[in-house]
Amino acid sequence: MKWIGKLGKYVVLAAGLFITLGPFYWMVVGATNSSGALLSVPPNVIPGTHLLENARNLLNNIDMFRALWNSIFITVTFTVIAGLFSAAAGYAFAKYEFKGKNAIFSMFLVSMMIPYQALIIPQFELFARMGILNSYSAIILPQLAYPFAIFLMRQSMKSIPDSVLESARIDGCGEYRMFFQIALPTMLPAIGAVGIFLFTHQWNNFLWPLVVIVTEDMYTLPIVLSILGGQDNLDYGQLMLAATISVLPIFIMFLFLQRYFIAGISSGAVKE
C-alpha cells in the first residue's frame, strides 16, 4: 500500500508543477503565435512561427529597448543602494545601542502597515516641489529605506556573535571596516535574499512610475505592458512577447540566486 501513497504524492506534485509553470509556458507559446492562433478553439499549445513577426511589430509599436534599459538601470541601481542601506540599518539596529533605538525600529514596522496608495499624493507633491518628476531619481528615491528589507537584515545581523566584533575592536578594527569586511561577507545569504526581494519589487513597480513618468522615453516595462494591453486593436502576440521579455530577468536572477534566497530567509529566523 506504500506505493499508493507515493503515487498520490507524485500526482499532487505534478499537478502543482503544472499549475505553477502552465501560465509561463502559455506566455512563451503565445509569443511565438499570432493572435488568431491564441484565440482559436481549441487553443494552440504548440510554439508557432510568428516570433520574428511579433518582435518586429512590437519594436515598430513601442521603443521596447529603451523601456528595457530603463527598467534594468532603475532596478539595478535601486537594488544596490537599497540593499546597502538595508544592511547598514539592520547592522545598526542589531549591534548598536543608542537612544530611541526601539522606538525608531517600531516606526519602521508600523510603516509597513500603511497602504502605499496613501503615500502617493504627498510623495508626488514633494517631488514636484523638488523639480525631479519624470526622472530616474523620482522612481528610485522614495523606497530606498525599505522597511521589510531592514527588518530582514536586522534579524540576520543578530546572528553575528558579539564576541567576534569585540575581538575585532580590540585588534584595532574600525567600525566601517567591521561592517564591510566582517558583517557583510558573513551575511551573504541574507543579502542575496534581500537583493532578490528588492529587485523583484522594483522590476514590477507600476503605480508609482505611472504617476511620475510623463514622456515615452522614460517608460518602464510594466508601463509598456499596460499600454499594450489597453490598445483597441490588441495584438496578443506582441503582448505575450513583451511579457516574456519582462519576466526573463527575474526568472534568471532567481534561478542563480535561489540558494541564497532560501538560506537568507532561514538565517532571519533567529530568536531575540
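Residues numbered from 1 in each chain as written. Predicted model: local features only at pLDDT ≥ 70, side-chain atom pairs only at ≥ 80, totals over all residues. Heavy atoms only, no water.

Asker: Pulling in residues and values, what's your account of the overall build of the protein?
Answerer: If you tally the helices and strands in the protein, you get 14 helices and zero strands. From first element to last, N terminus to C terminus, the protein shows the α and β order α-α-α-α-α-α-α-α-α-α-α-α-α-α. Seen along its three principal axes, the alpha-carbon backbone of the protein occupies a region of about 70 × 70 × 30 Å. In the protein, buried positions account for 36% of the 272 residues. Carbon and sulfur atoms form 70% of the exposed surface of the protein, whose accessible area is close to 15800 Å². Here the protein carries 15 positive and 13 negative side-chain charges, and the mean point of each set is 15 Å from the other. (Helix = DSSP H or I, 4+ residues; strand = E, 2+ residues; numbered from the N terminus. Buried < 20%, exposed > 50% of the residue type's maximum accessible area, 1.4 Å probe, protein only. Areas by Shrake-Rupley, 256 points an atom, 1.4 Å probe, with all protein chains shown as cover. Lys, Arg positive; Asp, Glu negative; His and termini not counted. Charge placed at Lys NZ, Arg CZ, Asp CG, Glu CD.)

Asker: Which residues make up the UniProt feature "domain: ABC transmembrane type-1" (unreviewed entry) in the protein, and what are the values?
Answerer: According to UniProt, the "domain: ABC transmembrane type-1" (unreviewed entry) feature falls on residues 68–257. Annotated as residues 68–257, this span is 74% helix and 0% strand, and its ends, taken at the C-alpha atoms, are 22 Å apart. (UniProt positions renumbered as here; feature names shortened; annotations may be inferred.)

Asker: Describe the UniProt feature "transmembrane region" (unreviewed entry) in the protein, naming the residues involved and giving the relevant values.
Answerer: In this structure's numbering, the residues bearing the UniProt feature "transmembrane region" (unreviewed entry) are residues 7–28, 67–91, 103–121, 133–153, 179–200, 206–228 and 240–262. As a span, residues 7–28 carries 100% helix and 0% strand, and end to end its C-alpha atoms are 30 Å apart. The distance separating the terminal C-alpha atoms of residues 206–228 is 14 Å; by composition the span is 61% helix and 0% strand.

Asker: Lay out the packing of helix α4 (residues 64–95) against helix α13 (residues 221–229) with the relevant residues and their values.
Answerer: Pairs of packed helices are described in terms of their axes, by the angle between the two and the distance that separates them. At a minimum axis distance of 8 Å, the contact between α4 and α13 shows a crossing angle of 140°. Between α4 and α13, the residues in contact are Met-64, Ala-67, Leu-68 and Ser-71 and Leu-221, Pro-222 and Val-224, respectively. When its residues are assigned to classes, the contact of α4 with α13 shows six nonpolar, one polar and no charged. (Axes fitted to C-alpha atoms, helices over the stretch in contact; angles between N-to-C directions. Contact = heavy atoms within 4.5 Å. Nonpolar A, V, L, I, M, F, W, Y, C, P; charged D, E, K, R; others polar.)

Asker: Tell me what's going on with the packing of aromatic side chains, and back it up with residues and numbers.
Answerer: One pass over the full model with this rule turns up 13 aromatic pairs. Geometrically, the ring pair formed by Trp-69 and Phe-73 is tilted, given 5.6 Å between the ring centres and 35° between the ring planes. On the criterion of helical spacing, the pair formed by Trp-69 and Phe-73 is a turn pair, its members being four residues apart in helix α4. Judged by its relative accessible area of 45%, Trp-69 is partly exposed. Residue classification places Phe-73 among the partly exposed positions, given a relative accessible area of 31%. (Phe/Tyr/Trp six-rings, centres within 6.5 Å; stacked < 30°, edge-to-face > 60°.)

Asker: Quick one: what's the story with the confidence of the model for the protein, residue by residue and with numbers?
Answerer: Scored by pLDDT, the protein has a mean of 86; 94% of the residues are at 70 or more. Of all helices and strands in the protein, the one with the weakest mean pLDDT is helix α14 (residues 236–267) (77), whereas helix α7 (residues 136–140) scores best (94). Within the model, pLDDT remains below 50 along residues 268–272, and this stretch shows nine contacts once partners closer than five positions in the same chain are excluded. (pLDDT = per-residue confidence, 0-100.)

Asker: Go over unusual backbone geometry, please, and point to the residues and values.
Answerer: In this model, Asn-134 sits at a positive phi of 60°, which is unusual for a non-glycine residue. Here Asn-134 shows up in the loop between α6 (120–130) and α7.

Asker: Can you lay out the side chain of Gln-155 for me, pointing to particular residues and giving the numbers?
Answerer: By the secondary structure assignment, Gln-155 is in helix α8 (residues 147–157). Reaching out from Gln-155, the side chain makes a polar contact with the side chain of Arg-154 at a distance of 2.8 Å. (Polar contact = N/O pair within 3.5 Å; in protein donor to acceptor, adjacent residues only side chain to side chain.)

Asker: Mind laying out the pattern of salt bridges, listing which residues take part and the relevant values?
Answerer: Applying the stated criterion to the full structure yields four salt bridges. Here Lys-95 ties to Asp-162 by a salt bridge, and the two come within 2.8 Å at their closest N and O atoms. Here Lys-95, found in helix α4, pairs with Asp-162, found in helix α9 (residues 162–170); they are 67 residues apart in sequence, far enough to count as distant. Under the relative-accessibility criterion, Lys-95 is labelled buried at 14%. Among the salt bridges present, the one from Arg-169 reaches Glu-166, with a minimum N-O distance of 3.1 Å. In this pair, Arg-169 and Glu-166 are both assigned in helix α9, three residues apart and thus about one turn of the helix distant. Connected via shared salt-bridge partners are Glu-166, Arg-169 and Glu-175. (Salt bridge = Lys/Arg side-chain N within 4 Å of Asp/Glu carboxyl O.)

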